[in-house]
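Geometric and topological summary
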Amino acid sequence: MSSNLYPIISAVVANLLAQLLKPFFYYLRTGEKDLSFIFESGGFPSSHTSLVVGLTMAYGYLSNFQSQFFFISLVFSLTVIYDAANVRYYAGQNIKMTKQLIQDIEVLTQTTLENPVYREKIKEVLGHKWVEVIGGFLLGFITASILYFFQG
């Protein structure tokens, strides 16, 4: 594998592995089979985290952790990881609370809110719990390491 392509291959492989593993871990947690998790954001492991860690580790290995690409990728990774575990996670929690408030208002007032905005289907799982981020981190690290140390 060309060292020019190694960082992007590492990132993409880590991301694809994370997405492919999501239904498996969902099954382990719930006992339910649902392959749709391959196409979902959120869940275990974090594919956003695995992607950026795979990229960062690849640039780190190639440069002995000293290139500008490594440091730029590191800052980018920290931003994505923080966003996945905080901003996006709490946005999803906010959606859950808003949906519950709408339902409670309808029950308490015995009316149905007619505006279509109240019926819009909005995804609740946007971000990640820290354990999901750590899973993505480990997957990105392992993927970049395997691809680096076992490339021919």
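So, here's what we can say about the structure. (Residues numbered from 1 in each chain as written. Predicted model: local features only at pLDDT ≥ 70, side-chain atom pairs only at ≥ 80, totals over all residues. Heavy atoms only, no water.)

Helices and strands together make up the secondary structure of the chain, namely four helices and zero strands. Going residue by residue from the N terminus, the α and β elements of the chain occur as α-α-α-α. Considered along the principal axes of its C-alpha atoms, the chain spans approximately 65 × 35 × 25 Å. Here the chain, with 152 residues, has 34% of them falling under the buried criterion. Contacts in the chain between residues far apart in sequence, at least 24 positions, make up 71% of those at least 6 positions apart. Surface summary for the chain: the accessible area is close to 9,700 Å², and the carbon and sulfur share equals 67%. Within the chain, the 10 negative side-chain charges are centred at a point lying 6 Å from the centre of the 10 positive side-chain charges. (Helix = DSSP H or I, 4+ residues; strand = E, 2+ residues; numbered from the N terminus. Buried < 20%, exposed > 50% of the residue type's maximum accessible area, 1.4 Å probe, protein only. Contact = heavy atoms within 4.5 Å. Areas by Shrake-Rupley, 256 points an atom, 1.4 Å probe, with all protein chains shown as cover. Lys, Arg positive; Asp, Glu negative; His and termini not counted. Charge placed at Lys NZ, Arg CZ, Asp CG, Glu CD.)

This paragraph deals with helix H2 (residues 47-63). A turn of α-helix holds 3.6 residues, and therefore any two residues three or four places apart point the same way. A rise of 1.5 Å per residue sets the reference length of H2, with its 17 residues, at 24 Å; its end C-alpha atoms lie 24 Å apart and thus fit the reference within 8%. With twelve of 17 residues buried, H2 lies mostly within the body of the structure. Downstream of H2 by a residue or two, Asn64 has a phi angle that is positive, lying close to 60°. (Expected span 1.5 Å × (residues − 1).)

The next point concerns the packing of aromatic side chains. Taken as a whole and judged by the stated rule, the model has eleven aromatic pairs. Judged by centre distance (4.7 Å) and plane angle (80°), the ring pair of Phe25 and Phe44 falls under edge-to-face. On the criterion of sequence distance, the pair formed by Phe25 in helix H1 (residues 6-30) and Phe44 in the loop between H1 and H2 is long-range, its members being 19 residues apart. Residue classification places Phe25 among the partly exposed residues on the basis of a relative accessible area of 27%. The partly exposed category is assigned to Phe44, whose relative accessible area is 28%. Summarising the aromatic geometry, the rings of Tyr59 and Phe69 are spaced 5.5 Å apart at their centres and angled 25° between planes, so their arrangement reads as stacked. Of the two residues, Tyr59 is situated in helix H2 and Phe69 in helix H3 (residues 68-109); the sequence distance between them amounts to ten residues. Looking at Tyr59, the relative accessible area reads 25%, which means it is partly exposed. Every member of this aromatic cluster is reached through a ring pair, and the members are Tyr6, Tyr61, Phe65, Phe70, Phe71, Tyr148 and Phe149. (Phe/Tyr/Trp six-rings, centres within 6.5 Å; stacked < 30°, edge-to-face > 60°.)

A few words on unusual backbone geometry. A cis amide bond links Phe44 to the next residue, Pro45, at an omega of -10°. Topologically, Pro45 is positioned in the loop between H1 and H2. Here the phi dihedral of Asn64 falls at roughly 60°; this positive angle occurs in a residue that is not glycine. Within the secondary structure layout, Asn64 lies in the loop between H2 and H3. Owing to a relative accessible area of 60%, Asn64 belongs among the exposed residues under this scheme.

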